[in-house]
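Report on the structure
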Amino acid sequence: MLVGIDLGTTNSLIGFWRDGAVTLVPNSLGHLLTPSAVGFGDDGEVLVGLAARERLVSHPTMTAAFFKRYMGTNRLHFLGDRGYRPEELSALVLGSLKADAEAILGEAVEEAVITVPAYFNDAQRKATRAAGELAGLKVNRLLTEPTAAALAYGLETTEGESTILVVDLGGGTFDVSVLQCFEGVMEVRACAGDSWLGGEDFVDALIGEFVAEIGGRRTLPSLEANPVFHGALRRQAEIMKRRLSEADTASIEVSHDDAMLQWTRTREQFERLAEPILARLRAPIERALRDSRIAPQDLTQIVLAGGASRMPMFRRLISRLFQRLPVQSINPDEVVARGAAVRAGLAMRDRTLEEVVLTDVAPFTLGIEVAHRDENGHVADGVFLPVIERNTVIPTSRMRTVRPIEDNQTELRITVYQGESRFVRDNIRLGDFVIAIPRGPSGKESVDVRFTYDTSGLLEVEARVQSNRHRCTLVIEGNSGVLTAAQIKARLAELGKLKVHPRDQAENQAVIARAKRLYEERLGATRHAIDEWLARFVTALETQDEAEIAAARERLDGKLDSIDDQFFL
Amino acid sequence: MQIWQVLGIGPTGDRQAIRRAYARCLKHLDPDQDPEAFQRLRFAYEAALAATQGDTLPRGAAEPSRAEETLFLDAARTLQALSRQDDASAPTPPRVRIHVRLRPAPPPTPPPRLRSALAPIDMGTHVAAEGRPILAALERALDEEDSVEAVRLFQTAMARGFLPVELDRTFVLRLSSVAVEDIELPGAAFCALIKHLGWTTALDPPAEPQSEVARKIFARLAAEEWYAALAAAADAGGPRAIAPRVLLGRARRFYHDPAAGREISKRMREYDRHHRWLAARFDLERMNQLYRAYAEEFRLPRRLVRLLRWLVRLLRWLVRMLHWLGRLVFWLMLLGIVHAIAQLWIR
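Counting from 1, residues in each chain are numbered in the order their sequence is written. As they are written, the chains are lettered A onward and the ligands numbered 1 onward, keeping that order. Totals for whole chains, interfaces and linings use all residues, but because this is a predicted model, local features are given only for residues with pLDDT of at least 70 and pairs of side-chain atoms are given and counted only at 80 or more.

In this section: the overall build of chain B. Looking only at helices and strands, chain B features 13 helices and 0 strands. Each helix corresponds to a stretch of at least 4 residues labelled H or I by DSSP, and each strand to a stretch of at least 2 residues labelled E; elements are numbered beginning at the N terminus. Along its sequence from the N terminus, chain B presents helices and strands in the succession α-α-α-α-α-α-α-α-α-α-α-α-α. When the 347 residues of chain B are sorted by exposure, 24% land in the buried category. For chain B, the proportion of contacts with a sequence separation of at least 24, taken over those separated by at least 6, is 55%. In this scheme every C-beta is placed from the backbone, and a residue whose C-beta has 20 or more other C-beta atoms within 10 Å is buried, one with 12 or fewer is exposed, and one in between is partly exposed. Here, residues touch in the contact sense if the C-beta positions derived from the backbone fall within 7 Å of one another.

Along chain A, the regular secondary structure elements total 14 helices and 27 strands. Within chain A, counting contacts between residues at least 6 apart in sequence, those at least 24 apart form 68% of the total.

Now for helix α8 (residues 282–292) of chain A. Residues and elements named next belong to chain A. Every buried residue of α8 is listed here: Pro284, Ile285, Arg287, Ala288, Leu289, Asp291 and Ser292. Check the buried side of α8 and you find it contacts β12 (162–169), β13 (174–182), β14 (185–194) and α9 (312–322). At the C-terminal side of α8, arginine 293 shows a positive phi close to 55°.

Once that is clear, we can look at the interface of chain A and chain B. Each partner contributes to the interface: chain A provides 34 residues, whereas chain B provides 29 residues. Of all the secondary structure elements, the ones that give two or more residues to the side of chain A that touches chain B are α7 (267–279), α8, α9 and β22 (396–402) of chain A. Per element, the largest residue contribution to the side of chain A that touches chain B is 6 residues, and it comes from α8 of chain A. Here the residues of the side of chain A that touches chain B are counted per class, giving 15 nonpolar, 7 polar and 12 charged. Each residue is assigned to one of three groups, with Ala, Val, Leu, Ile, Met, Phe, Trp, Tyr, Cys and Pro labelled nonpolar, Asp, Glu, Lys and Arg labelled charged, and all others, Gly among them, labelled polar.

For any two helices packed against each other, one specifies the crossing angle of their axes together with the interaxial distance. All names here are of chain A. Relative to each other, helix α2 (residues 86–105) and helix α3 (residues 122–134) sit at 50°, their axes nearing to 8 Å. Relative to α3, the element α2 is oriented oblique. The chirality of how α2 crosses α3 is right-handed. In this structure, α2 contributes Pro86, Glu87, Glu88, Ser90, Ala91 and Leu94 to the contact, and α3 contributes Ala127, Ala130, Ala131, Gly132 and Leu134. In terms of residue class, the contact of α2 with α3 is built from 7 nonpolar, 2 polar and 2 charged. Lines fitted to the C-alpha atoms define the axes, with helices restricted to the stretch that makes contact. Angles between their N-to-C directions range from 0 to 180 degrees. The labels follow the angle: roughly parallel below 35 degrees, roughly antiparallel above 145, roughly perpendicular from 65 to 115, and oblique for the rest. Should the near helix be turned counterclockwise from the far one by less than a right angle, the crossing is left-handed, whereas a clockwise turn marks it as right-handed.

Our focus in this paragraph is the pairing of strand β25 (residues 447–453) of chain A. Residue and element names in this part refer to chain A. Along β25, 5 of the 7 residues are buried, which leaves the element largely enclosed by surrounding structure. With 7 bridges joining them, β22 and β25 adopt antiparallel strand pairing. If you follow methionine 399 over to β25, its bridge partner there is arginine 450. For two strands to be treated as a pair, DSSP must find at least two bridges joining them. Direction of pairing for β25 relative to strand β26 (residues 459–465): antiparallel, over a ladder of 7 bridges. Note that in β26 the partner of aspartate 448 across the bridge is arginine 464. Counted along the chain from β25 to the antiparallel partner β26, the turn is 5 residues long, and its residue glycine 457 has a positive phi close to 80°.

With that settled, consider the packing of helix α1 (residues 50–58) of chain A against helix α12 (residues 506–521) of chain A. All names here are of chain A. Here α1 crosses α12 at 20°, and the two axes come no closer than 8 Å. Considered as vectors, α1 and α12 are oriented roughly parallel to each other. Where α1 crosses over α12, the two elements pack in a sense that is left-handed. Each of Leu50, Ala51, Glu54, Arg55, Val57 and Ser58 in α1 lies in contact with α12, whose residues at this interface are Ala506, Gln509, Ala510, Ala513, Arg514, Lys516, Arg517, Glu520 and Glu521. Taken together, the residues of the contact of α1 with α12 sort by class into 6 nonpolar, 2 polar and 7 charged.

Note on terminology: a nonpolar core is a set of buried residues of type Ala, Val, Leu, Ile, Met, Phe, Trp, Tyr or Cys, with members joined through C-beta atoms within 7 Å. Residues Ala149, Val166 and Val303 of chain A together with Leu7 of chain B are the most contacted members of the largest nonpolar core, which totals 173 residues. At 9 residues, the largest contribution of residues to this core is made by helix α3 (residues 35–53) of chain B. In this structure, valine 303 of chain A is in contact with Ala149, Ala150, Tyr153, Ile164, Leu165, Val166, Pro326 and Val327 of chain A, ignoring residues within four places of it in sequence. In terms of nonpolar packing, the next biggest core, distinct from the first, is built from 18 residues, Leu175, Phe190, Ile194 and Leu221 of chain B among them.

All names here are of chain A. The strand order across the open sheet formed by 6 strands is β17-β12-β13-β14-β18-β21, and the pairing between neighbours is mixed. The strands lining the two open edges of the sheet, one partner per strand, are β17 (301–305) and β21 (393–394). Relative to β21, strand β18 (residues 357–361) runs antiparallel, the two being bridged by 2 bridges. Each residue of the ladder has a partner; that of aspartate 360, found in β21, is isoleucine 394. Each of β12, β13 and β14 touches α8; the most contacted strand, β14, lies at about 145° to it.

Here we come to the environment of leucine 29 of chain A. All names here are of chain A. Within the fold, leucine 29 resides in the loop between β3 (21–24) and β4 (34–35). Residue class for leucine 29 comes out partly exposed when judged on the 17 C-beta atoms lying within 10 Å of it. Between the C-alpha atoms of leucine 29 and leucine 50, which are 21 residues apart in sequence, the distance is 8.7 Å. If sequence neighbours within four positions are ignored, leucine 29 has contacts with Leu50, Ala506, Glu507 and Ala510.

Looking now at the sheet that holds β26 of chain A. All names here are of chain A. As summarised here, the arrangement of the 4 strands in space is β22-β25-β26-β27, forming an open sheet in which the pairing is antiparallel. Each having just a single partner strand, β22 and β27 (471–475) make up the two edges of the open sheet. Strand-to-strand twist in this sheet, taken as the mean axis angle between neighbours without regard to direction, amounts to 15°.

Time to look at unusual backbone geometry. Residue and element names in this part refer to chain A. Isoleucine 394 connects to proline 395 through a cis peptide bond whose omega is 5°. You can see proline 395 is positioned in the loop between β21 and β22. Its identity is not glycine, yet phenylalanine 66 carries a phi of approximately 55°, on the positive side. Considering the arrangement of structural elements, one finds phenylalanine 66 in the loop between β7 (63–65) and β8 (77–79). For glutamine 323, which is not glycine, the phi dihedral falls at a positive 55°. We classify glutamine 323 as partly exposed; it has 14 C-beta atoms within 10 Å.

What follows is about the pairing of strand β1 (residues 2–7) of chain A. Residue and element names in this part refer to chain A. Taking burial as the measure, the 6 residues of β1 include 6 buried ones, the bulk of the element. Here β1 shows no split at all, with Leu2, Gly4 and Asp6 on one side and Val3, Ile5 and Leu7 on the other all buried. Sheet topology places β1 next to strand β10 (residues 111–116); 5 bridges connect them, and they run parallel. In the strand pairing of β10, glycine 4 is matched with valine 113. Where β1 and strand β2 (residues 11–18) come together, 4 bridges link them in antiparallel fashion. Paired with glycine 4 across the two strands is glycine 15, which belongs to β2. Between the antiparallel neighbours β1 and β2 lie 3 residues.

Residue and element names in this part refer to chain A. As for its placement among the helices and strands, leucine 47 is situated in strand β6 (residues 46–48). Sequence-wise, leucine 47 and glutamine 509 are 462 residues apart; in three dimensions their C-alpha atoms are separated by 8.2 Å. The contacts of leucine 47, once residues within four sequence positions are left out, are Gly39, Phe40, Gly41, Ala52, Arg55, His501 and Gln509.

What follows deals with the confidence of the model for chain A. Residues with a pLDDT of 70 or more make up 97% of chain A, whose mean pLDDT is 86. β1 of chain A holds the highest mean pLDDT among the elements of chain A, 94, whereas helix α11 (residues 485–497) of chain A holds the lowest, 80. pLDDT: the predictor's confidence for each residue, scored from 0 to 100.

All names here are of chain B. Overall, the predicted model of chain B reaches an average pLDDT of 71, with 68% of residues at or above 70. Here residues 55–120 is modelled with pLDDT under 50, and outside its nearest four sequence neighbours on either side it reaches 80 contacts, counting other chains as well. Counted against residues more than four places away or in other chains, residues 202–207, with its pLDDT under 50, gives 13 contacts. The ipTM for the predicted assembly is 0.78, set against a pTM of 0.68.

To continue, consider the environment of proline 244 of chain B. Residue and element names in this part refer to chain B. Tracing the backbone shows proline 244 in helix α10 (residues 242–247). Measuring from C-alpha to C-alpha, the distance between proline 244 and arginine 267 comes to 7.8 Å, with 23 residues separating the pair along the chain. With sequence-adjacent residues up to four places away left out, proline 244 is seen in contact with Leu230, Ala233, Ala234 and Arg267.

This is how it looks when you write it as structure tokens:
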């Protein structure tokens, strides 16, 4: 079975295409959204999803979240004393999603379409692919998130011709893409984005402001000294951000040194604080439109996706920019997963989707390093020569011819880069190889460099000497921040040793974690009450009687609901 | 191979028909299984669409490889033949300008007088009430050529989304021409603004790169870049920082070290090129002193100058010596003659 997975910064979803419609899979708690958080329980078992996110407040050193932001780097998240790579943590999330889907489908899930932000670079895409493999999934392809969102919307409007601009502001990434639909063909015209801009930046801004203001009056603990305090603060700031989308004022309440710190912001203050973040949204939108050569007034509709697009200031900015109201008829949290499920259906060549074809583009310019000699004989090296321009429809194959610059050069080093800068030092290096050339005066020999880029984002570089037909090929695979095949195998064995919490226990774990989080957050009498309720639930757990546990869980959940007005998914 | 064969239709100028043909072909092939067939189809589609528009080829088809180029020429030739054939019958033959891509047309000539061609900012109905005062102030600042205020207001308006996504060209020209003339505007702010407005030599120039404003902008950008590099070099320290520090007036002493001297005179020549934009940031009197001290002195290698000076001094000394020697000999001879006459007279 082939499924579609939206692996998000804050939440992940899984869905599949069956009988001409998308089905999103609820997790064991009955929620469609599974928080992208991983942690270790008190008994050393792995917790994924809501339980782990609740434990971010109570056990910050044993829990990790937002690891998607570090995909493609060598940064380790420490849970206890062992460090985990972002792709390993993502693999645990994927594994939990896979188990959910298998429970619903009743058959094994082997393959998946996983979404990535459009602006993920080569290393980040490879890391996502590795995460899929670590979770025991064959990654059929990586689909860009705005394309997935557009696909979900595009299916709704199959008649006639339409041009859609998708603006996707997720938890950690911002993407824009322009999609044209005609005759059942969905053609991505251009995409652009910023993989370091998302809802979390708004939370960071609030936290920064809080620390600057409250920290001036009293000393706040550093992150290392008191991670619990910072975990609680981040959660409160997240809630404040959500509240300010509806209410005019919201406040943060965190306990520190047995005192409640209270801090109130109005929506206006928050919007002023967020202005520098909103200003960064403009450049990618402009670039996507420029690259697609479509004038803003020719767009049929503007679609918003991603949870952070619920913020009124974001919607206002978009409507001001385009002078019309954006569309958001599909739940912005689910739209990407729906698109991924459609893509999975396409890949399975489902009969109901026979009339739909999707073409995608290369998000980055790919090229090689060259040197130029100007008329004065001065050599400028480190110049970037684009071979495949960004937003070229893939699969594609392009060729450029280069010549050696020095006399009697015997070899030519071809270094492959990805990026938009004129100089290679500002672009990302993907790999290099050396090709031997016959000795001769400069400029006599010429070498054809051909780049072939396929739909799953694999780049093959081939160089051929014109005179003697000698050729050399490089498939870009390994670079720093990406695991090699052997390393993946080793990690897979290691992850296999981890004991994942049984699925039927997830509900109990989530409710315990929630109670513990509330205990950390509250003071005085409420604290005692929570302690008592929790003790009663643990006693019920020990009876191992299914019905009794379920009843006790209901009771505890109801009681927690009565004191907790800050629950969110 | 011709594009219409790939698409499976007869030559046409109807975009709708081309799209329909492309969609039909696309559904019968899998880009993953047969990428080459897909690329052929894609190229034919893009070439056909470009032909209907009389446009340059879209981005995706830029830089065709050799095989593609021949296909490309074929297509152009076919279309040319087609348009000749149909001249009599068809009321609107497809405009054939496909070959333009191979030799880009010269950019359109700039408006004769820029300032008269400037339009006020378009304050359409879309601007929110809170944005109007900002745009009005921006308009005023542009009229008064107060570029610092104009840039500040422009950035505020951009950040808060009061300007539409595609900036009006005349507005871009107007703001850039005000900003480029004002040498008081800090260099970093100028560079950021120009980048924001989309003036780059490499990608999609928003206006004619040949126009006078564009020339000025790129000249000033180069100057700002040079200045930034100079300042960075001065901050870096070490022997290579001597020349930049002398130029920036941070080192009071003039150096008589040949390497530093050569570097200083090289930098002086570079400064000369950017003088117009950077004059406000340099002490002109000091620059003139530097010219006198270095630009002249280091035209010849310093060691040779010193040697020549020694030689001149030696020669002068020799001449002087000879002069004295000559006088001595003269007086001695005179003395001898007097002595001889006296002796003769005594006898």
